Amino acid sequence: MGISIGIREIDAKSALCRDLRLNVIRVRVDNTAGMESLAGYDDIVSLENARALIGDWEAFLKRNRINPETDAIYMDKLKNDADIALLKPKAVRTSTGWVDMEKVSGPNKEKVLAASKKENRLTGWDMLSFEEMNEMCLKCKLSWDKGRGCIGSFGPNDSLLPGIAEKRGCKVLASVPEGAKSGRTYTPDDAKVLLKEIEILTKALPEEGKMMVRRYSGPLERTKAVADISVSEGCGFYFF
């Protein structure tokens, strides 16, 4: 495992993905109490009940193109009308917990968002294909990692660079391992300090030996690219 560096895109007005990331499309809530009319649902038949009604199970799976490893039969996945009619009486309506935010009125939006975890939210960015994401990143001025996006590698967990930085009094760069562990968000003011530290370390690396120059010139270059954007865009950055 290594340490990566990224930019807080939603802080940067120039980020092409910013509006998409801020637009929450769907969220999953753990408890739908009071939101029953908002949450989606599936009509599900247990495998036990389905097998009791279906004769040739293998043929049933094949004609409905169902994965043999499925844990239940979802009615909306069935292709065969006769199978749908046969299993429908045994279907149980089960909430998915997913809420379509476009169908939620203004006053309820904050309530629904508060009931969901950050990792259970899908934004407009999440709805894009990888090809669409890559195309947008290539055009974005914040794509500091050679057009591949605004997240890239800082270095391995056992990188000696933070230690070298600490020895030279470069506190921001020395804090990287701890910052990655704690989830710290660095500010544009931190970036200004970091740019000065990078100048110091770029000059100091030759004193550490040719191996250190070869090994850490790249990480310093990438970190400088992030710090430059943080200052110019007024956005935070982080290590993880």
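Up top is the structure these notes are about.
Not measured: the values here are computed from a predicted model.

Undergrad: I tried to follow the packing of aromatic side chains on my own but got confused; where do I start?
TA: Per the stated rule, a full pass over the model turns up six aromatic pairs. With centroids separated by 5.1 Å and ring planes inclined at 35°, the aromatic side chains of Trp-57 and Phe-60 adopt a geometry described as tilted. Of this pair, Trp-57 and Phe-60 both sit in helix α3 (residues 57-63), three residues apart, which is roughly one turn of the helix. We note that Trp-57, like Phe-60, is buried. The interplanar angle of 35° and the centroid separation of 5.5 Å between the aromatic rings of Tyr-238 and Phe-240 together place this pair among those described as tilted. Look at Tyr-238 and you get partly exposed, because its relative accessible area is 22%. Under the relative-accessibility criterion, Phe-240 is labelled partly exposed at 41%. Taken together, the aromatic side chains of Phe-154, Tyr-186, Phe-237 and Phe-239 make up a single cluster linked through ring pairs.

Undergrad: Looking at this structure, how should I read the pattern of salt bridges?
TA: A side chain with one charge can pair with a side chain of the opposite charge if their charged atoms come near. For the structure on display, the rule yields 15 salt bridges. Glu-9 is paired through a salt bridge with Arg-21; the nearest N and O atoms lie 3.4 Å apart. Residue Glu-9 is located in the loop between β1 (2-7) and α1 (18-22), and its partner Arg-21 is located in helix α1; the two are separated by twelve residues in the primary sequence. Judged by its relative accessible area of 25%, Arg-21 is partly exposed. A salt bridge links Asp-30 to Lys-117; the nearest nitrogen and oxygen atoms lie 3.9 Å apart. A residue pair is termed long-range when its members are at least 10 positions apart, and Asp-30 in the loop between β2 (24-29) and β3 (39-45) and Lys-117 in strand β6 (residues 116-123) qualify at 87 residues. A residue is classified by how much of its surface remains accessible, and Asp-30, at 53% relative accessible area, is exposed. Through salt bridges with shared partners, a single network forms among Lys-167, Arg-168, Glu-207 and Glu-208.

Undergrad: Help me understand helix α10 (residues 188-208) in this model?
TA: Every α-helix carries 3.6 residues per turn, so stepping three or four residues along brings you back to the same face. Between its first and last C-alpha, α10 extends 29 Å over 21 residues, near the 30 Å set by a 1.5 Å rise per residue. Within α10, the axis deviates most sharply at Thr-202, by approximately 30°, and proline Pro-206 lies no more than four positions further along. Those residues of α10 that sit buried are Asp-190, Ala-191, Leu-194, Leu-195, Glu-197, Ile-198, Leu-201, Ala-204 and Leu-205. Those residues of α10 that are buried lie in contact with α7 (161-167), α8 (171-174), β8 (185-186), α11 (210-233) and β9 (237-239). Two residues or fewer past α10, Gly-209 is found with a positive phi of approximately 115°.

Undergrad: It is not clear to me how the sheet that holds β8 should be interpreted in this structure. Could you clarify?
TA: In spatial order, the strands read β7-β1-β9-β8; together these four strands make up an open sheet with antiparallel pairing. Strands with a single pairing partner mark the edges of an open sheet, and in this sheet they are β7 (151-156) and β8. Bridging between β8 and β9 involves two bridges; their strand directions are antiparallel. Bridge pairing in β9 places Thr-185 opposite Tyr-238.

Undergrad: What is the right way to read unusual backbone geometry from this model?
TA: In most cases, non-glycine residues show a negative phi, while peptide bonds are predominantly trans. Within the chain, Arg-65 stands out as a residue other than glycine whose phi angle is a positive 55°. With respect to the helices, strands and loops of the structure, Arg-65 is situated in the loop between α3 and β4 (73-74). Accessibility expressed as a relative area gives 67% for Arg-65, which makes it exposed.

Rules and cut-offs
- Residues numbered from 1 in each chain as written.
- Predicted model: local features only at pLDDT ≥ 70, side-chain atom pairs only at ≥ 80, totals over all residues.
- Heavy atoms only, no water.
- Phe/Tyr/Trp six-rings, centres within 6.5 Å; stacked < 30°, edge-to-face > 60°.
- Helix = DSSP H or I, 4+ residues; strand = E, 2+ residues; numbered from the N terminus.
- Buried < 20%, exposed > 50% of the residue type's maximum accessible area, 1.4 Å probe, protein only.
- Salt bridge = Lys/Arg side-chain N within 4 Å of Asp/Glu carboxyl O.
- Expected span 1.5 Å × (residues − 1).
- Bend = angle between axes of the 7 residues up to and from the residue.
- Contact = heavy atoms within 4.5 Å.
- Pairing = 2+ DSSP bridges.

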